[in-house]
Amino acid sequence: MAEIEGWQSDTLSFTDQFQKQIIIAIVQEPKLYESLGIYIKPEAFEINAYKVIFREIQNFYSDYRSIPTKEIVLERLNKKYADKDIPEPVIENVNDIFGAKRLANSTSKCIEDSVRNFIQNQALKKAIMDSLEDLDDVDKHLNIKDRIEKA
């Protein structure tokens, strides 16, 4: 697994920076969202701010079939948090994602190739984590097998 760009085999995860670059690539290349992003669950992102931002992009796309601007994401987050302030890391990451320097075409292609691995590995990781409690019960081992096959 070490050969996958951004993959950290020791923690069974992708680097925080790689996860952020996935969102940057989706914002910069809407076709990437249309082909792969629709399969990513916000929970696949390990940083809460990325989950929140990606969920807003996903919700906007679901409503309008396009990727929102930075201002729209911030407006929607303001409504979501209504009586509370948007957490600072979320605002900071929205600014970073939408203000990121344009990714090189080769970087976008590399991210696109790696997103497939990201989706598969995060689904597998979730299946394994969900199965931990079932390891002690032999009668539930089939549940583990089913989860992993589905992932």
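Okay, so let's go over this structure.

### Things to note about the overall build of the chain
And then number 1: Each helix and strand counted, the chain has seven helices and two strands in total.
And then number 2: Going residue by residue from the N terminus, the α and β elements of the chain occur as β-β-α-α-α-α-α-α-α.
And then number 3: Here the C-alpha coordinates of the chain stretch approximately 50 × 40 × 30 Å along the principal axes.
And then number 4: Taken over 151 residues, the chain has a buried fraction of 38%.
And then number 5: By sequence separation, contacts in the chain at least 24 residues apart represent 60% of the contacts at least 6 residues apart.
And then number 6: Counting every atom, the chain has about 9,100 Å² of accessible surface; 50% of that belongs to carbon and sulfur.
And then number 7: Positive and negative side-chain charges of the chain, numbering 21 and 27 respectively, have mean locations separated by a distance of 5 Å.

### Points about the packing of helix α3 (residues 48–64) against helix α5 (residues 88–98)
And then number 1: Look at α3 against α5: their axes get within 9 Å of each other, and the N-to-C directions meet at 65°. Crossing hand, α3 versus α5: right-handed. Residues A49, Y50, V52 and I53 of α3 form the contact with α5, whose participating residues are P89, V90, N93, V94 and I97.
And then number 2: In terms of residue class, the contact of α3 with α5 is built from eight nonpolar, one polar and no charged.

Reading the values: the criteria
- Residues numbered from 1 in each chain as written.
- Predicted model: local features only at pLDDT ≥ 70, side-chain atom pairs only at ≥ 80, totals over all residues.
- Heavy atoms only, no water.
- Helix = DSSP H or I, 4+ residues; strand = E, 2+ residues; numbered from the N terminus.
- Buried < 20%, exposed > 50% of the residue type's maximum accessible area, 1.4 Å probe, protein only.
- Contact = heavy atoms within 4.5 Å.
- Areas by Shrake-Rupley, 256 points an atom, 1.4 Å probe, with all protein chains shown as cover.
- Lys, Arg positive; Asp, Glu negative; His and termini not counted.
- Charge placed at Lys NZ, Arg CZ, Asp CG, Glu CD.
- Axes fitted to C-alpha atoms, helices over the stretch in contact; angles between N-to-C directions.
- Left-handed = near helix turned anticlockwise from the far one by under 90°.
- Nonpolar A, V, L, I, M, F, W, Y, C, P; charged D, E, K, R; others polar.

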